[in-house]
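# Architecture and fold: a report
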Amino acid sequence: MNALNTRKAFAGGLLALAVASAAHAMEIKADCTVPFTPETAILGHFSSTKEPVATVKSGAIVRIDGGGGVRYGGGELTEETMDAWLKENGIDATVATTPALAETMKVLKETKNRLPPPPNAPPGTPAAGGHLLVGPVYIEDAEPGDSLEVRILDVTPRIPYGSTSGSPGRGGLSLGMSAPESFESASKALPLTPPAPSVPRPFSKVTLLDLKRNAGHFDKDIEIPLGPFMGVMATCPPDSEGPNRRSTAPGTFGGNLDCKELVAGSTLYLPVYQKGALFYTGDSHAVQGDGEVTGSAIETADTCTLQFILHKGQKLAMPRAETPTDYILFGLDPDLNKAMKQAIEETLGFLKEKQGLDIFHAYSLSSIAVDYHVTQVVDRVLGVHAMVPKKIFVNDTNTYWYRAR
Amino acid sequence: MKCRRAVRAAAAAVALAGFAVALTAAPYSVNYHLRSVPENMVSGYFSADTPPVLKIKSGEIVEIDTISGGGARDDDPTKFFKDNGIPLDLEVVQDILAIKKAVPPSGIRGHMMTGPIFVEGAMPGDTLEVRILDIKSRAPYGINSGRPGSGGIPDAVPRPYAKVIKFDLERNVALFAPGIEIPLRQFQGVMGIAPAKERGKLSSTPPYPDIGGNFDNKYLGKGATLYLPVQTEGALFQTGDPHAAQGNGEISITAIESSNTVTMQFIVRKDLPIKVARAETPTHYICMGLDVELNVAMRMAIMQTLEFLKEKKGLDFFDALALGSVGVDFEVTQVVDQTKGIHAMIPKSIFVKDSDASTYWFNPASGAMNLAVSEPAPAVVAANLGGAQ
């Protein structure tokens, strides 16, 4: 999609919004609000047949409550066990006083929108879990071949904590372990990388969130500035991905991109594959680093406020994104080398569309002015994203919908 | 002998350079100026056998001229400069022409580097701290090039290209194309030390976890610090591959290759043993992962980060891993130097009880530099190794 055209088309009507969006969720007037209930929620997959939770016109602003935060030390999940867990972890909240927790517990217990256990699983295996998702939002007139612009107006945690977990065999420490011969590097580099320590046991670390100061209290000496974003934002995947695509791996439809840049003020552009686009979101994060190396961010429950804008006939092959300062292109592949290559190719394509640069100019510019970051290495399909700084295009006028303060 | 001559030459050059130093009002005085003249250059490799061109004491400051000879052809070296309107009488052009004439290729493919510098007292087991006090472009142009078969998309570059990019040095920007300007952010692609003698001559093309070299890390510009684990007496530091700007990834195989003068302070650290190179900026700690496989480079960067957080911040494995996931950014350094790189950016600001940023030697806001260096304590490590030297 030509981002410039996009901005020209919509800049006029949204000046007021640009001012409002700097403030918190409650101050942005939404056209429609989606609560987190057993009916709106869906666990760990995208469905093309689930009843829409909202049907909206292009331009509509939708507020969506996400779930999360329900961690407990095994046994039956009840209000008592959950409250005990909160107390143990020094969290000043109870299920009764925290709607997000009560809603999440109800969803986990009651929702029918979950996949059955795999056919080869032993009898008695519970139904599959996975990301706590909400959707779909049906966008009127959206058809395959269009693209959907998702403006992220606000993302705010609903609970005063989040948790970060890891387990043996997961995360960045198990990367490339199937190719130990690559240690014989061409450089005969010394000292050689020793075998990675594996994660010895599952762990989960709770971080308290101070929303007033926008900080996560990692421990008594360490505070992390929050950058809440939704790990998963997706249009319903194409039929070629199967009827109930699991949400773990990101794809051309977006999904579990886990890109830390997609905070309030950013925009995600997604291809439309199904009538109505069928937008899903979930996997609430309070903050994450590039790489997401344990396999999780600070996982929490967020409310997000999104504006959906439909671009008829503007076909996209891959997701793209934009922040007030950068254009973002993605590369996705199980092999990080190939994800990097795709991110480069996406960048060259974008620079050609946007600025008319031939391959040599685009390639050259990508080498000297574009930053490639590791998005995540933990979602089976790994991600690299390219950050193309807007400021290098010195003749462009800034008409982006949001101005960072 | 060669060494002493070079120092005398350098002392004379300092006198000449004094004017420029006074103009920029640098908060330090330079002890030596190492020029990029043929006798001060090494072509393509690091080796413990390369005679040093300068001997310095720990804490001393050296201004080092480096060159990027791209564009100038061997058969007609002046043609490139004439064709591109670059004055032949520029000092850096004269240096490039003299080096083309007088420094034959070594047979080892790599960079044209200035050095090596012998740092007195540096012994295996020590760490060489390299502070980058200043770095400036020496020429008003740079070159970015690429070719089929290499770089980030080796099969998609139709033919070799070399793009000459002019700079506006007053505004510190590269004039890439109509409507596109890139802020200059100079750094040295290669900063490295000699390997232990038995490893022979190592090409400067790939970066190495211990001796460093071709990191091509865009953050290693003014105000950054590089820590290298010393492998041989005197460390034997070399630098080259000057860059005017580069993105994370350096995907075409080159940055804006351009000639720089870099001012560095060298400090022998007996108190900071490391196995793998690390770096630091006013705002971040940087840990590095290097491997021919990007996946493995990523894992190594994670492991280096865990080790750093354990060592410096006392975090246990789980906390370090969790912090690595939520508070540290992993970026692609480069994918083009045979051995690829990923670096972890660990923000100092998250350590709220520490004064990591405010006790750093450079304050970018005020420009203030604290370059006082305490005499190195008598080195236990060096004494133990004395017999082996």
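Predicted model only: the values in this text are computed from it and were never measured.

## Comments concerning the overall build of chain B
- Within chain B one finds 6 helices and 22 strands.
- A total of 389 residues make up chain B; the buried ones form 56% of that total.
- Taking the contacts inside chain B whose residues are at least 6 apart along the sequence as the reference set, 75% of them involve residues at least 24 apart.

## Thoughts on the overall build of chain A
- When you go through chain A residue by residue, the secondary structure sums to 6 helices and 19 strands.
- Buried positions account for 50% of the 405 residues belonging to chain A.

## Looking at unusual backbone geometry
- Here the residue pair G135(A) and P136(A) is connected by a cis peptide bond, since its omega of 0° sits within 30 degrees of zero.
- Along the chain, P136(A) falls in strand β5 (residues 132–139).
- The linkage connecting G115(B) with the following residue, P116(B), adopts the cis geometry, with an omega of 0°.
- You can see P116(B) is positioned in strand β6 (residues 112–119).

## A look at the pairing of strand β7 (residues 161–166) of chain A
Residue and element names in this part refer to chain A.
- Within β7, 6 of the 6 residues are buried, which leaves it mostly tucked inside the rest of the structure.
- Residue alternation in β7 divides its side chains into two sets, Y161, S163 and S165 and G162, T164 and G166, and both sets are buried.
- In terms of strand pairing, β7 meets strand β8 (residues 203–210) through 6 bridges, oriented antiparallel. Paired with S165 across the two strands is S204, which belongs to β8.

## Focus: the confidence of the model for chain B
Residues and elements named next belong to chain B.
- Chain-level pLDDT for chain B is 89 on average; 90% of the residues reach the 70-or-more range.
- For the stretch residues 1–24, pLDDT sits under 50, and the model shows 29 contacts to residues farther than four places along the chain or on other chains.
- The ipTM value of the predicted complex is 0.90, and its pTM value is 0.90.

## Some details on the confidence of the model for chain A
All names here are of chain A.
- Mean pLDDT over chain A stands at 88; residues scoring 70 or higher make up 87%.
- Per-residue pLDDT stays below 50 along residues 1–23; that stretch engages in 36 contacts with residues further than four places along the chain or on separate chains.
- pLDDT under 50 marks residues 179–193. Its contacts with residues more than four places away, or in other chains, come to 30 contacts.

## Side note on the nonpolar core
- In this structure, F308(A), L128(B) and M298(B) are the most contacted members of the largest nonpolar core, which totals 212 residues.
- The element that contributes the greatest number of residues to this core is helix α4 (residues 294–313) of chain B, accounting for 11 residues.
- Filtering out sequence-adjacent residues up to four positions away, L128(B) remains in contact with V119(B), A122(B), I193(B), L228(B), V230(B), A235(B), F237(B), F266(B) and V268(B).

## Some details on the interface of chain A and chain B
- Between chain A and chain B, the contact holds 63 residues from the first and 64 residues from the second.
- At the level of secondary structure, the elements contributing two or more residues to the side of chain A that touches chain B comprise β7, β8, β9 (215–219), β10 (222–225), α5 (336–355), α6 (359–369) and β18 (371–376) of chain A.
- For the side of chain A that touches chain B, the element with the highest residue contribution is α6(A), accounting for 10 residues.

About the cut-offs
Residues numbered from 1 in each chain as written. Chains lettered and ligands numbered in written order. Predicted model: local features only at pLDDT ≥ 70, side-chain atom pairs only at ≥ 80, totals over all residues. Helix = DSSP H or I, 4+ residues; strand = E, 2+ residues; numbered from the N terminus. Buried ≥ 20, exposed ≤ 12 C-beta atoms within 10 Å, placed from the backbone. Contact = placed C-beta atoms within 7 Å. Pairing = 2+ DSSP bridges. pLDDT = per-residue confidence, 0-100. Core = buried A, V, L, I, M, F, W, Y, C linked by C-beta atoms within 7 Å.

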